[in-house]
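Read off the chains here:
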There are 2 protein chains.
Amino acid sequence: MFTPNKNYLRLQGSYLFSTIGKKVREYKEANPDKRVISLGIGDVTLPLCPAVIKAINKATEEMAHAGSFRGYAPDLGYEFLRSAIVANDYKARGCDIEIDEVFVSDGAKSDSGNISDIFGDNNKIAVCDPVYPVYVDSNVMGGRTGEYNPEKEGFDGVVYMPCTAETGFLPVIPEEVPDIIYLCFPNNPTGGTITKDELQKWVDFAIEKKALIIYDAAYEAYITEENIPHSIYECEGAKKCAIELRSFSKNAGFTGTRLGFTVVPKTLTYDGVSLNQLWARRHGTKFNGAPYIIQRAGEAVYSEEGKKETKEQVKYYLDNAKIISDGLAKAGYTVFGGKNAPYIWLKTPDNMKSWEFFDYLLEEKNIVGTPGVGFGPHGEGYFRLTAFGSKENTETAVKRITGQ
Amino acid sequence: MFTPNKNYLRLQGSYLFSTIGKKVREYKEANPDKRVISLGIGDVTLPLCPAVIKAINKATEEMAHAGSFRGYAPDLGYEFLRSAIVANDYKARGCDIEIDEVFVSDGAKSDSGNISDIFGDNNKIAVCDPVYPVYVDSNVMGGRTGEYNPEKEGFDGVVYMPCTAETGFLPVIPEEVPDIIYLCFPNNPTGGTITKDELQKWVDFAIEKKALIIYDAAYEAYITEENIPHSIYECEGAKKCAIELRSFSKNAGFTGTRLGFTVVPKTLTYDGVSLNQLWARRHGTKFNGAPYIIQRAGEAVYSEEGKKETKEQVKYYLDNAKIISDGLAKAGYTVFGGKNAPYIWLKTPDNMKSWEFFDYLLEEKNIVGTPGVGFGPHGEGYFRLTAFGSKENTETAVKRITGQ
């Protein structure tokens, strides 16, 4: 008799953003006259920049003719894209990453979840709390956690590292030694950052304990301050202990276009096993490359116009972040993030619960945000707003929330 | 200490088509003057048809403007595409499949591998032998097999069902009852087909034994004869025991464009667990939708022009299949398939081993095919040629092989 993967039954409720989507749909259906503004899901709103559109059009034209048509892409990504990634994201920052350490994918969400495929069953994971839900959920599905523990508001067997105002939104190295450590900086959801010196401590810890770091750098394009690393490979020794996830979603508006990549250094070996080879095998067996047209779009992000145009988009969103941060702070809110990240993390007023504040904002102000507790128990009492709306909507939203 | 997923170490050699690719690259480097024709990997060569190109151009234009830009797609696929699939692939054939049973993905290879995510650890799988390697390899990675057994030329704990000329290239219901049965018709690699009555026997068997069938119908567009089902849901009761995989690669030339879908009926429950809900959760957690532009391209395949144009492409490849079948048969080869499938499966001459014949064709005739044994031990002594080349190349290849 067939038996389903019952680890899935341990998952709590549905995926956070699906729940929010459902609540918003229901509210809109019941109140068709209200104009709801979403600063909730981290989804961009600016159109693809001209350099990217031009590249897609060119690639599409190639696909229309037998002489230039492209069938199956190389499993691991086209060399034109991988070499642009290596040159611009790594060599330019002094990181010695090679082409065959870069794996092109259909996006960082897929990679965040699929990477757990190459983990053994008995690894103990550590995550920040609050945290992007995919890291934990994918490991729950893979059976690398215990049951959900309502008292802990988390899964048994997972090391949760509280990141609150008190810790400066940084995790503290835990007493219980984990085997896999998920870090995301600039952070989703708190918008917090880590300095190179602080990150180096995690690299040293991982090497000492033979742990693996999964470093999610999806938001690196939003870094505006010095001394904040764009890649974990800026830290010494990171190529011996870290996998890095990257995305085109937030720096180039590819949320609906789907492209990302993962760096798995060849020096990453545990117990004599090369993770680079394991991931290559996973990619070669369960994936068939990102679409040619989309890989050309990704290449265009690294062209001179592409860089200029996407930088302008990032600046536009960072300006929105400032509008939110400044507006809410002026109205008495306690706000964090927003300086090196597209996320603003605020304390709910009057000790309201996160979901209570979500309902209040949706129903009274017609604003959609994300309840902090949706990212973990230490997100309770916090709330996430994103800077990805239009400037006009962002200004309107701030006015609505603050009543000013 | 981190431990890698050591199930991967059980895998034999590298992925079949990577191995072939490497051999061909090496031959070409050593013999730059030779014009090698590939009838190996099942990769299409005709350009995307005009209706698809038009749809991509239109969608790209939408992505260039704020008012029509699309961010994150619905996890499970856009309704415009899912409803076109339901209407054309199912309702039109009398199959009662609903929109929320269709999950759009980046292709059937991803789905073939990822579907094992929702399987429990202790299921026993059954596969045809020869077989598309992903079914077995993904289960090896997931720990649902034993070690590789050189004597068996396969993995312990896997039920291999020989499909040879003697069985009419159909599997025989095995004595050892499996929990999961992979079936692919029209078949890759043999090009064989199954009648509706024969398939009904498998459905009845699965229901009786509470087994799950994974039905890969990636090649259904090539069916030319009556009484061959295009979908397993044409069989009575299949919605209680079968998941169906579909692709846009072979019917519309999307190998480099990446689009597929999986049907998981809501009536598919085991031990009280709904596989539809499990797969929805998997999709929502580890995937973020196929690109908007590509989903519009998929929709165009179902338009009037799209249907006409893609049907012409399929006919072109079927004509090639006939050129190969007839040419080789005339020269004394024993050939199978090619009538309802883009694959020709031939007996190697003089009892040559499959890889021996591969090397012979590559080195003496400069033709790339796929060694039958690469698909399993019962593929030994067979060889696969594909009809996806140009007509000119196909004719040249047949002339070279037959010397006529």
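Please read all numbers here as calculations on a predicted model, not as lab measurements.

## What about the overall build of chain A?
Argument step 1. Scanning chain A from N- to C-terminus turns up 12 helices and 17 strands.
Argument step 2. Taken over the C-alpha trace, chain A has a radius of gyration of 21 Å; the compact-globule value for 404 residues is 22 Å, and the two agree within 12%.
Argument step 3. For chain A, the spread of C-alpha atoms along the principal axes amounts to about 55 × 55 × 50 Å.
Argument step 4. Long-range contacts, defined as pairs at least 24 residues apart, comprise 72% of the intrachain contacts of chain A with a sequence gap of at least 6.

## Describing the interface of chain A and chain B
Argument step 1. In this assembly, 71 residues from chain A lie in contact with 71 residues from chain B.
Argument step 2. Breaking the side of chain A that touches chain B down by element, the ones donating at least two residues are helix H2 (50–63), helix H4 (108–114), helix H5 (133–141), helix H8 (275–286) and helix H9 (292–301) of chain A.
Argument step 3. Broken down by class, the residue content of the side of chain A that touches chain B amounts to 36 nonpolar, 22 polar and 13 charged.

## Focus on the environment of Lys365 of chain A
All names here are of chain A.
Argument step 1. Within the secondary structure, Lys365 sits in helix H11 (residues 354–365).
Argument step 2. Remark: the alpha-carbon pair of Lys365 and Lys34, spanning 331 residues in sequence, is separated by 9.7 Å.
Argument step 3. The contact partners of Lys365, leaving out residues within four places of it in the chain, are Arg400 and Ile401.

## Notes on the relation of the copies chain A and chain B
Argument step 1. For the pair chain A and chain B, the relating rotation is 180 degrees, the translation along its axis is 0.0 Å, and the fit reaches an RMSD of 0.0 Å. Such a combination of rotation and displacement between the chain copies is what one expects of a two-fold axis. For chain A, the smallest separation between a C-alpha atom and the rotation axis is recorded for Asn57 of chain A, amounting to 3.4 Å.
Argument step 2. Of the interface residues in chain A, 100% have counterparts in chain B that sit at the interface too, so the contact is made through matching surfaces.

## A few points about unusual backbone geometry
Outside of glycine, negative phi angles account for most residues, and trans bonds account for most peptide bonds.
Argument step 1. A cis geometry characterises the amide bond from Asp129 of chain A onward to Pro130 of chain A, with omega recorded as 5 degrees.
Argument step 2. Within the secondary structure, Pro130 of chain A is located in the loop between strand E3 (125–129) and H5.
Argument step 3. With an omega dihedral of -10 degrees, the bond running from Phe185 of chain B to Pro186 of chain B counts as a cis peptide bond.
Argument step 4. With respect to the element layout, Pro186 of chain B can be found in the loop between strand E7 (180–184) and helix H6 (196–209).
Argument step 5. The phi torsion at Phe169 of chain B lies on the positive side, around 60 degrees, for a residue other than glycine.

## Considering the domain arrangement of chain A
Residue and element names in this part refer to chain A.
Argument step 1. With domains assigned, chain A is organised as domain 1 (6–48 + 305–402) and domain 2 (71–303).
Argument step 2. Taken over C-alpha atoms, the centre of domain 1 sits 24 Å from the centre of domain 2.
Argument step 3. Listed as interface residues are 37 residues of domain 1 and, on the opposing side, 44 residues of domain 2.
Argument step 4. Elements with a contribution of two residues or more to the side of domain 1 that touches domain 2: helix H10 (304–330), strand E13 (335–337) and strand E14 (343–347).
Argument step 5. Looking at the side of domain 1 that touches domain 2 element by element, the count peaks at 7 residues for H10.
Argument step 6. Of the residues belonging to the side of domain 1 that touches domain 2, the class tally is 17 nonpolar, 14 polar and 6 charged.

## Looking at helix H11 (residues 354–365) of chain B
Residue and element names in this part refer to chain B.
Argument step 1. Helix length check: H11, at 12 residues, gives a terminal C-alpha distance of 15 Å against a target of 16 Å (1.5 Å per residue), a fit within 8%.
Argument step 2. Along H11, the residues that are buried comprise Ser354, Phe357, Phe358, Leu361 and Leu362. Taken end-on, H11 shows its buried residues confined to a sector of 130 degrees, consistent with a single buried face. Opposite the packed face of H11, turned more than 90 degrees from it, sit the exposed residues Glu363 and Glu364.
Argument step 3. Count one or two residues on from H11 and you reach Asn366, which has phi positive near 55 degrees.

## Looking at the sheet that holds E3 of chain A
Paired through their backbone hydrogen bonds, the strands of a sheet run either parallel or antiparallel.
Residue and element names in this part refer to chain A.
Argument step 1. Strand order in the open sheet formed by 7 strands is E2-E10-E9-E8-E7-E3-E6, with mixed pairing between adjacent strands. Looking along the sheet, the strands with just one partner apiece sit at the ends: strand E2 (102–105) and strand E6 (159–162). On average, each strand axis in the sheet is tilted by 20 degrees relative to the strand beside it, whichever way the strands run.
Argument step 2. As paired strands, strand E9 (residues 242–247) and strand E10 (residues 260–263) are joined by 4 bridges and run antiparallel to one another. Each residue of the ladder has a partner; that of Arg246, found in E10, is Phe261.
Argument step 3. Contacts between helix H3 (residues 79–90) and the sheet are confined to E2, E9 and E10, with E2 contributing the most and set at about 120 degrees to the helix.

## Thoughts on the confidence of the model for chain A
Argument step 1. Residue-level pLDDT values for chain A average 96, and 100% of them are 70 or greater.
Argument step 2. Both scores are given for the predicted complex: the pTM is 0.96, the ipTM 0.96.

## Here's the deal with H3 of chain A
Argument step 1. The first and last C-alpha atoms of H3 of chain A sit 15 Å apart over 12 residues, in line with the 16 Å expected at 1.5 Å per residue.
Argument step 2. Residues of H3 of chain A that are buried sit in contact with E2, E9, E10 and H9 of chain A.

## A short note on the sheet that holds strand E10 (residues 260–263) of chain B
Residues and elements named next belong to chain B.
Argument step 1. Reading across from one edge, E2-E10-E9-E8-E7-E3-E6 is the order of the 7 strands in this open sheet, with mixed pairing throughout. Each having just a single partner strand, strand E2 (102–105) and strand E6 (159–162) make up the two edges of the open sheet. Looking at each pair of strands side by side, their axes are set apart by 20 degrees on average, direction ignored.

## Some thoughts on the packing of H2 of chain A against H9 of chain A
Residue and element names in this part refer to chain A.
Argument step 1. Here H2 crosses H9 at 145 degrees, and the two axes come no closer than 8 Å. Between H2 and H9 lies a crossing whose hand is right-handed. Each of Ala51, Val52, Lys54, Ala55, Ile56, Lys58, Ala59, Thr60 and Met63 in H2 lies in contact with H9, whose residues at this interface are Tyr292, Ile293, Arg296, Ala297, Glu299, Ala300 and Val301.
Argument step 2. Classifying every residue of the contact of H2 with H9 gives 11 nonpolar, 1 polar and 4 charged.

## A look at the environment of Thr396 of chain A
Residues and elements named next belong to chain A.
Argument step 1. Mapped onto the elements, Thr396 comes out in helix H12 (residues 391–402).
Argument step 2. Residue Thr396 is classed as partly exposed on the basis of its 16 C-beta neighbours within 10 Å.
Argument step 3. Put simply, Thr396 and Ile37 are 359 residues apart on the chain and 8.6 Å apart in space, counted from C-alpha to C-alpha.

## Some details on the packing of H2 of chain A against helix H2 (residues 50–63) of chain B
Argument step 1. Running from N to C, H2 of chain A and H2 of chain B cross one another at 180 degrees; their axes reach a closest spacing of 10 Å. Taken together, H2 of chain A and H2 of chain B sit at an angle that is classed as roughly antiparallel. Facing Ile53, Ile56, Asn57, Thr60 and Met63 of chain A of H2 of chain A, the residues of H2 of chain B in contact are Ile53, Ile56, Asn57, Thr60 and Met63 of chain B.
Argument step 2. A per-class count over the contact of H2 of chain A with H2 of chain B returns 6 nonpolar, 4 polar and no charged.

## A few points about the pairing of E10 of chain A
Residue and element names in this part refer to chain A.
Argument step 1. Of the two faces of E10, the one lined by Gly260 and Thr262 and the one lined by Phe261 and Val263 are each fully buried.
Argument step 2. One ladder, built from 4 bridges, connects E2 with E10; its direction is antiparallel. Pairing of Phe103 across the sheet is with Thr262, part of E10.

## Section: the environment of His283 of chain A
Residues and elements named next belong to chain A.
Argument step 1. Looking at where His283 falls in the secondary structure, it is placed in helix H8.
Argument step 2. His283 sits 229 residues away from Lys54 along the chain, and the two C-alpha atoms are 29 Å apart.
Argument step 3. Discounting chain neighbours no more than four positions away, the residues touching His283 are Asp75, Leu76 and Phe103.

The rules we used
Residues numbered from 1 in each chain as written. Chains lettered and ligands numbered in written order. Predicted model: local features only at pLDDT ≥ 70, side-chain atom pairs only at ≥ 80, totals over all residues. Helix = DSSP H or I, 4+ residues; strand = E, 2+ residues; numbered from the N terminus. Rg over C-alpha atoms; globule rule 2.2 N^0.38 Å. Contact = placed C-beta atoms within 7 Å. Nonpolar A, V, L, I, M, F, W, Y, C, P; charged D, E, K, R; others polar. Least-squares fit on C-alpha atoms with pLDDT ≥ 70 in both. Domains from an automatic or database assignment. Expected span 1.5 Å × (residues − 1). Buried ≥ 20, exposed ≤ 12 C-beta atoms within 10 Å, placed from the backbone. Arc of directions from axis to C-beta. Pairing = 2+ DSSP bridges. Axes fitted to C-alpha atoms, helices over the stretch in contact; angles between N-to-C directions. pLDDT = per-residue confidence, 0-100. Left-handed = near helix turned anticlockwise from the far one by under 90°. Parallel < 35°, antiparallel > 145°, perpendicular 65-115°, else oblique.

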